[in-house]
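Below, each chain spelled out in residue letters.
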Amino acid sequence: MISSFECIGLDESRLVKLFATDFLADSDAAAALNLLVNKALNDGFSLDIASAYRSFSRQCAIFDAKWNGLRPVLDEREQPIDISNLSAAEKVAVICRFSAIPGFSRHHFGTDFDIYSKSLLPVGEKLKLTAYEYEKDSYFYPLGLWLTENLNSFGFIRPYSGKNMGYEPWHISYEEKAQKYLDAFSFDAAVAVLLKTSYPWAEPCVDFAKNNYKKMLGIIC
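Each value, and the rule that gives it
Residues numbered from 1 in each chain as written. Predicted model: local features only at pLDDT ≥ 70, side-chain atom pairs only at ≥ 80, totals over all residues. Heavy atoms only, no water. Phe/Tyr/Trp six-rings, centres within 6.5 Å; stacked < 30°, edge-to-face > 60°. Helix = DSSP H or I, 4+ residues; strand = E, 2+ residues; numbered from the N terminus. Buried < 20%, exposed > 50% of the residue type's maximum accessible area, 1.4 Å probe, protein only. Pairing = 2+ DSSP bridges.

*Asks:* In this structure, what is going on with the packing of aromatic side chains? I would like to understand it.
*Replies:* The relation between two aromatic rings is expressed through the spacing of the ring centres and the mutual angle of the planes. What the rule picks out here adds up to 13 aromatic pairs. Where Phe-45 meets Trp-146, the ring centres are 5.2 Å apart and the plane angle is 85 degrees; that geometry is what we call edge-to-face. Here the residue Phe-45 occupies a position in the loop between helix 2 (27–42) and strand 3 (48–51), and Trp-146 occupies one in helix 5 (residues 141–150), the gap between them amounting to 101 residues. Side by side, Phe-45 and Trp-146 carry an identical accessibility label, which is buried. When the ring of Tyr-134 is compared with that of Phe-140, the centres are 5.5 Å apart and the planes differ by 50 degrees; the resulting orientation is tilted. Like Phe-140, Tyr-134 is buried. By the ring-pair criterion, three or more aromatic residues cluster together here, those being Phe-104, Phe-185, Phe-187 and Tyr-213.

Put into structure tokens, the structure is as follows:
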């Protein structure tokens, strides 16, 4: 049985190393991803991992850096915006377009991965993980088409299609196992852990999560 602590990135005991990397993942999701990676190689390009399992503390660090202006916050057009004059509630809302509140990220499950292709990334180009990289005539456009054709055959979906939070064509999820984590997820447990932190954004995050946590978790209502 999956515990609420596993759902919010506080228990890594059942995770495994992903291939020959330091990334952690759910074992079933890792096995399925390995098959997907091999299929990509057979089709002529690499499928690489930018992010896999993410702990609660790591998600806190990401969110806090955006809150304090140490990492860019993007608008719906993926352009950096100045959040210094926004209210706390407004800051949370714009950060959550592309970064989930700690405790409410699918990356806590170990079933979700941010992927790209080193073999398609132009020399000298830095990976950005933005939707424009997947637009027609851009370098990951072929990857996007390939994912559309192949993901379902290996049990994967793309949960952030723009119907809930931001559009993330690079984010894939091993659907069958992710659903088990979603079934075990406890809103109250996630809120309790979040409110035990000393971050100034914890309370406004809870207020935002009350009406939006299903969108953050990629559940289309």
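*Asks:* Before we go on, may I ask you to explain the pairing of strand 4 (residues 112–116) in this structure?
*Replies:* Consecutive side chains of a regular strand alternate in pointing toward one face of the sheet and then the other. Summarising burial for strand 4: 5 of the 5 residues are buried, a large majority. Residues Asp-112, Asp-114 and Tyr-116 of strand 4 are buried on one face, and the alternating residues Phe-113 and Ile-115, pointing to the opposite face, are buried as well. As judged from the 3 bridges shared by strand 3 and strand 4, these two strands associate in the antiparallel manner. Counterpart to Ser-51 in the pairing with strand 4 is Asp-114. One ladder, built from 3 bridges, connects strand 4 with strand 6 (residues 171–174); its direction is antiparallel. Of the residues in strand 6, the one forming a bridge with Asp-114 is His-171.

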